[in-house]
Number of protein chains: 2
Amino acid sequence: MKKITIGDVAKHANVSKSTVSQYLNKRYEYMSERTRERIAVSIEELDYRPNIVARSLKQKSTFTIGVIVANILHSFSTQIIRAIENKFHENGFHIIVCNADDEPDKEKDYIEMLMAKQVDGMIIFPTGGNMDLYNRMKKSKFPIVFMDRIIADSEIETVALDNEQAAKLAIDEFVESGYRDIAIVTTSIIRNISPRLERIQGYKNALEYHQIPINPAYIKTTDAGMISQALEELFSYEKPPEALLAANDIVLMAVLTYVKKQGLKIPEDLAVIGIDEVPFAVFYTPSLTTISQPTIEMANLAVTLLMQQIDQEEKGKPQVHRLQPTLIKRESC
Amino acid sequence: MKKITIGDVAKHANVSKSTVSQYLNKRYEYMSERTRERIAVSIEELDYRPNIVARSLKQKSTFTIGVIVANILHSFSTQIIRAIENKFHENGFHIIVCNADDEPDKEKDYIEMLMAKQVDGMIIFPTGGNMDLYNRMKKSKFPIVFMDRIIADSEIETVALDNEQAAKLAIDEFVESGYRDIAIVTTSIIRNISPRLERIQGYKNALEYHQIPINPAYIKTTDAGMISQALEELFSYEKPPEALLAANDIVLMAVLTYVKKQGLKIPEDLAVIGIDEVPFAVFYTPSLTTISQPTIEMANLAVTLLMQQIDQEEKGKPQVHRLQPTLIKRESC
DNA sequence: CTGTTAGCGCCTTCAG
DNA sequence: CTGAAGGCGCTAACAG
């Protein structure tokens, strides 16, 4: 059951390897009708398939893209991955998805692996812990675009949400509904992950805008596993918040779990808005008001930007591209 | 910024390419301490990374595995993918994930692409629409394991849930809670997708076991988009069911949406059990009783079986490996 | 212990 | 219009 190669086809069709190669690459302008036909038949009969690895070696292009997400547990990540895959599939590219688990070391490993595999480019949700690597890649003009998280001074094309606006949308909604004691809880901030910082900033700005004093005790940032403790604290205050912005889907789920355990009622006891659209938002009772990210556009933009780099279309200065969130009004606020 | 190769390293270290190659492959038993050191330094200085594509061409092994899921929208798929990726990562393998979208043509495309890319093996959630292809792969001893869906006569190692048991667990629970009018709804069955068929069969067997007559009107199978209509029908009957088994997570979500729209109360108006564990099961009110698949074990088993094939460990007849579901008792029944 | 020599399967001039 | 020859970067005998 040996693998059949271009040589076998050539022999079978009584032509040379290069002729077959021409055929494969659709350069049959200067090829006789007859040979073309013969080659087609041979390929068919032998059930030949070109070896992409060999081709890649020669052409320095593997038609595969590496995608590294910081944390695949966020529904946002999987949504983006799906959209990216779709888009690349249209372009004949494959993607290799890697999950860095928020660990810079793992990310580094993956980046090096993917480089070694000669991927044509990468889309990364950066952990932020590998500046040197990012810079080296940038310097060597390796095609790369960042997603979701802004890495200061990285000079790398980045697609991100307008996070301040996301928080603002939520706060505006809360305020409009008459809430003033509004808390925000996000996952840990110690590694300066930009969306979280920005969402908190947006929260503060929005409160200020509405002339509501900022209560630092209403801002909780903690590891995913510690969210329920943070909530307990929040609700042990003399004046617990009446509204809460969950800065991502993981926080939202923790909040809902806490709410259930405490027998709180939404929105009477606590109004809730979550950033990130979640599948259960519609049928949860009450249905959940969310701030949705335009995942498809974000993915498409990232793909486009990457393809431009791959195709060497110089594009001036790399930028941060901010896409706009939208509020999906439901009943939790 | 040219790519630096093994040749550059050799030159830099004043040795031959093969010596460097030895070094890279950790065969330094017969290598002088000095050369080893020199090579290490050169690699460091030049920031050299081996080109895996070239290595793959030579070694006929790419250390990458293709994973094709029939439909990535099932949470089960993503859970399995995560687990598979984890496991392969331990083995130094990468995976390329493809989504066939339940379209055999797309599946075919992907299989051929992956073969062309010389992946070392594939794990497939088969659509069932490419028997000829499956057989050809099988015949050529290409390493492959099927997941989730049984393809009759395929002679391919398969990891699947004991689906009849899954349904039985649910029915037993319903019956124990005093329900007798029990419906089941699954996504479409026209392409004979085995888990769905088996779950229905398990449902029937279990009812029979409990000496409850089977009411065909209580068995609904329909496209994902049409589930709400099916439910409407179900509830327009003179005697609507009091309990409902959602055969997968997509159905479950549709059911919950319907329930909300109609203002039904779970479990008073309708008891519900869903097959597939879902993230919102715990905090939904009432929390949802589910039948959980042992995703991690299933993934690990699939990986193990595939690795055995890759390592040429002949294993006698291929089998269908059935893993056991477990009931997670909560409040919806 | 290290270097030489041949490829892996394909693509690409460049003759013919 | 077609074939011969060389090379992509790496590995694997086989000499030395």
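By the naming in an unreviewed UniProt entry, chain A is LacI family DNA-binding transcriptional regulator, taken from Sporosarcina soli.

Peer 1: Give me the lowdown on the overall build of chain A, citing residues and values where you can.
Peer 2: What chain A contains, in helices and strands, is 12 helices and 12 strands. In terms of overall size, chain A is more extended than a compact globule, its C-alpha atoms giving a radius of gyration of 26 Å where 333 residues would be expected to give roughly 20 Å. Principal-axis analysis of the C-alpha atoms places the extent of chain A at approximately 90 × 40 × 30 Å. Classification of the 333 residues of chain A by burial places 52% in the buried group. Put simply, of all contacts in chain A between residues at least 6 apart along the chain, 67% involve residues at least 24 apart. Accessible surface computed for chain A: about 15100 Å², of which carbon and sulfur atoms make up 50%. One way to put it: in chain A the 39 positive side-chain charges average out to a point 8 Å from where the 45 negative ones average out.

Peer 1: How would you explain the relation of the copies chain A and chain B if you had to name every residue and give the values?
Peer 2: The transformation that overlays chain A on chain B combines an axial shift of 0.0 Å with a rotation of 180°, and the residual RMSD is 0.1 Å. Taken together, the rotation and translation relating the two chain copies correspond to the operation of a two-fold axis. Ranked by how close their C-alpha atoms come to the rotation axis, the residues of chain A are headed by isoleucine 96 of chain A, at 2.5 Å. Most of the interface of chain A is mirrored in chain B: 100% of its interface residues are interface residues there too.

Peer 1: Quick one: what's the story with the protein's contact with DNA strand D, residue by residue and with numbers?
Peer 2: By nearness alone, 24 residues border DNA strand D, and Ser16 and Thr35 of chain A together with Ile6, Tyr48 and Arg55 of chain B come closest of all. Near the protein, within 4 Å, the atoms of DNA strand D are sugar or phosphate in 66% of cases. Note that a base nitrogen of DNA strand D is positioned 3.1 Å from one of the side-chain N or O atoms of serine 18 of chain A. Backbone polar atom of alanine 54 of chain B to a base nitrogen of DNA strand D: 3.5 Å apart, as the coordinates give it. Elements with a contribution of two residues or more to the surface near DNA strand D: helix H2 (17-24) and helix H4 (52-59) of chain A together with helix H2 (17-24) and helix H4 (52-59) of chain B.

Peer 1: Tell me about the environment of arginine 180 of chain B, and name the residues and values.
Peer 2: Residue and element names in this part refer to chain B. Within the secondary structure, arginine 180 is located in the loop between helix H8 (163-176) and strand E6 (182-187). Among the residues examined, arginine 180 registers a relative accessible area of 46% and is labelled partly exposed. Separated by 32 residues in the primary sequence, arginine 180 and isoleucine 212 have C-alpha atoms spaced 6.9 Å apart. Other than its neighbours up to four places away in sequence, arginine 180 contacts His210, Gln211, Ile212 and Glu242.

Peer 1: Now, about the packing of aromatic side chains: what can you tell me, with residues and values included?
Peer 2: Counted under the stated rule, the structure contains 17 aromatic pairs over all chains. Measuring from ring centre to ring centre gives 5.1 Å for phenylalanine 280 of chain A and phenylalanine 283 of chain B, while their planes differ by 70°; the resulting arrangement is edge-to-face. Taken together, the residues span two chains, with phenylalanine 280 of chain A in the loop between strand E9 (271-275) and strand E10 (289-292) and phenylalanine 283 of chain B in the loop between strand E9 (271-275) and strand E10 (289-292). Accessibility assignment for this pair places phenylalanine 280 of chain A and phenylalanine 283 of chain B in one class, buried. Taken together, the aromatic side chains of Phe280, Phe283 and Tyr284 of chain A together with Phe280, Phe283 and Tyr284 of chain B make up a single cluster linked through ring pairs.

Peer 1: Quick one: what's the story with the state of the cysteines, residue by residue and with numbers?
Peer 2: Evaluated as defined, the whole model comprises zero disulfides over all chains. Take cysteine 98 of chain B: it sits in no disulfide, and the sulfur closest to it among the cysteines is that of cysteine 98 of chain A, at 14 Å. You can call cysteine 98 of chain B buried: its relative accessible area is 0%.

Definitions and limits used
Residues numbered from 1 in each chain as written. Chains lettered and ligands numbered in written order. Predicted model: local features only at pLDDT ≥ 70, side-chain atom pairs only at ≥ 80, totals over all residues. Heavy atoms only, no water. Helix = DSSP H or I, 4+ residues; strand = E, 2+ residues; numbered from the N terminus. Rg over C-alpha atoms; globule rule 2.2 N^0.38 Å. Buried < 20%, exposed > 50% of the residue type's maximum accessible area, 1.4 Å probe, protein only. Contact = heavy atoms within 4.5 Å. Areas by Shrake-Rupley, 256 points an atom, 1.4 Å probe, with all protein chains shown as cover. Lys, Arg positive; Asp, Glu negative; His and termini not counted. Charge placed at Lys NZ, Arg CZ, Asp CG, Glu CD. Least-squares fit on C-alpha atoms with pLDDT ≥ 70 in both. Near = heavy atom within 4 Å. Polar contact = N/O pair within 3.5 Å; in protein donor to acceptor, adjacent residues only side chain to side chain. Phe/Tyr/Trp six-rings, centres within 6.5 Å; stacked < 30°, edge-to-face > 60°. Disulfide = S-S within 2.5 Å.

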